[in-house]
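# Remarks on the overall topology
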Amino acid sequence: MENKKKQNFLAVDTSGNHLTVLASKNGNVSSVFLPNCAMKHAVSVMPAVEEALHKAELSLAECDFFSAVIGAGSFTGIRIGISAVKGFCSALEKPSLPITSFETIAYNIVGQKGKFLCLIDALHDAYYACGYEGEEVVFPPKYISEEEVLALAEEGYALYAYAPIPLMEKASVTLVDPCEGFKNAVVRRAEQGCLGELAALYVRKSSAELNLGK
């Protein structure tokens, strides 16, 4: 069997309260993970990129592609990550790989049997949710209420999240590692040739858009 070349990449996730930067050289992935980075992504992302590249002994020019998490999550955070990665792609004429925040949860779990729901807290007893069976999306990304999540759990979906959520007081929710899931997702999706344009995944309208529509 022909051995595939290990791809070099830089990947950024600014979609949640945490910040993850991955730098991979010849299949060896170095990471920088800041668990509490809410409202600080803009000032933290570039130092984290520099740290990850240094740890991996990788230069931007050596990257085969760049990746960013496109959502769902923080509207501002998503834009920061996408803008930074688009800048790298444009300057170095390299392709991009979009990853959803649901995949940063799912790729901790995809080897297990059964359906599972990836949950991200959208506040006010609502959630961004996406359901999987293996690597297949069986419940497309949606903004749903706590009651709808509980109903899906009754239908047999196991519940997963990358950070504590209020729903944990009423249902069994397993927490997974967003850094490890992000790494697994980037490597796997790159192997599958899923390169493409970086476009924000907004599962619902922003508060400004909702207020504008009133």
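Residues numbered from 1 in each chain as written. Predicted model: local features only at pLDDT ≥ 70, side-chain atom pairs only at ≥ 80, totals over all residues. Heavy atoms only, no water.

## Here's the deal with the sheet that holds strand β8 (residues 136-145)
Note on sheets: strands pair through backbone hydrogen bonds, and any given pair is parallel or antiparallel. If you trace the five strands from one edge of the open sheet to the other, you get β8-β7-β6-β9-β10, paired in mixed fashion. Edge strands, defined here as strands with exactly one partner in the open sheet, are β8 and β10 (173-175). The average angle at which neighbouring strand axes cross in this sheet is 30°, direction not considered. Pairing of strand β6 (residues 115-121) with strand β9 (residues 158-161) involves four bridges; the strand directions are parallel. Opposite Phe116, over in β9, you have Ala158 as the bridge partner. Along the sheet face, helix α4 (residues 146-154) touches β6, β7 (126-133), β8 and β9 and points at about 145° away from the line of β8. (Pairing = 2+ DSSP bridges. Helix = DSSP H or I, 4+ residues; strand = E, 2+ residues; numbered from the N terminus. Axes fitted to C-alpha atoms, helices over the stretch in contact; angles between N-to-C directions. Contact = heavy atoms within 4.5 Å.)

## Focus on the packing of aromatic side chains
Evaluation of the coordinates by the stated rule reveals six aromatic pairs. For the pair Phe75 and Tyr202, a centre-to-centre distance of 4.9 Å together with 25° between the ring planes defines the contact as stacked. In this pair, Phe75 sits in helix α2 (residues 75-92) while Tyr202 sits in the loop between α5 (178-191) and α6 (207-213), placing the two residues 127 residues apart along the sequence. By relative accessible area, which is 17% here, Phe75 ends up buried. Given the relative accessible area of 33%, Tyr202 is considered partly exposed. (Phe/Tyr/Trp six-rings, centres within 6.5 Å; stacked < 30°, edge-to-face > 60°. Buried < 20%, exposed > 50% of the residue type's maximum accessible area, 1.4 Å probe, protein only.)

## What to know about the pairing of strand β5 (residues 96-99)
Every regular strand shows the same layout, with side chains that alternate between the two sheet faces. Where burial is concerned, the two faces of β5 agree: the one with Ser96 and Pro98 and the one with Leu97 and Ile99 are both buried. Both strand β4 (residues 65-69) and β5 contribute to a ladder of four bridges, which runs parallel. Looking at the pairing, Val69 lines up with Ile99 of β5. Between β4 and its parallel partner β5, the chain crosses via α2, and the hand of that crossover is right-handed. (Right-handed = clockwise from strand over helix to strand, strands pointing away.)

## Considerations on unusual backbone geometry
Excluding glycine, residues mostly have negative phi values, and the peptide bonds linking residues are mostly trans. The residue after Gly71, namely Ala72, is reached through a cis peptide bond having omega 5°. Inspection of the secondary structure puts Ala72 in the loop between β4 and α2. Its identity as a non-glycine residue notwithstanding, Glu93 has a phi of 55°, on the positive side. For Glu93, the location among the structural elements is in the loop between α2 and β5. One non-glycine residue, Leu123, lies in the positive phi region at around 70°. As for its position among the elements, Leu123 is in the loop between β6 and β7.

## A look at the sheet that holds strand β3 (residues 28-34)
Across the sheet, which stays open at both edges, the five strands sit in the order β3-β2-β1-β4-β5 with mixed pairing between neighbours. The open sheet is flanked by β3 and β5, the only strands paired with a single partner. Taken pair by pair, the neighbouring strands of this sheet meet at an average axis angle of 15°, ignoring direction. Of the strands in this sheet, β1 (9-13), β4 and β5 are in contact with α2, which crosses β4 at around 170°. Packed onto the sheet, α5 meets β1, β2 (19-25), β3, β4 and β5 and runs at close to 130° relative to β5.

## Examining the pairing of β2
Across the seven residues that make up β2, a large majority, six, are buried. The sheet contact formed by β1 and β2 spans five bridges and is antiparallel. Bridged to Phe9 within β2 is Ser24. The loop that links β1 with its antiparallel partner β2 comprises five residues. The pairing of β2 with β3 spans seven bridges and is classified as antiparallel. Pairing of Leu19 across the sheet is with Leu34, part of β3. Hairpin connection from β2 to β3: two residues lie between these consecutive antiparallel strands, with Asn26 at a positive phi of about 55°.

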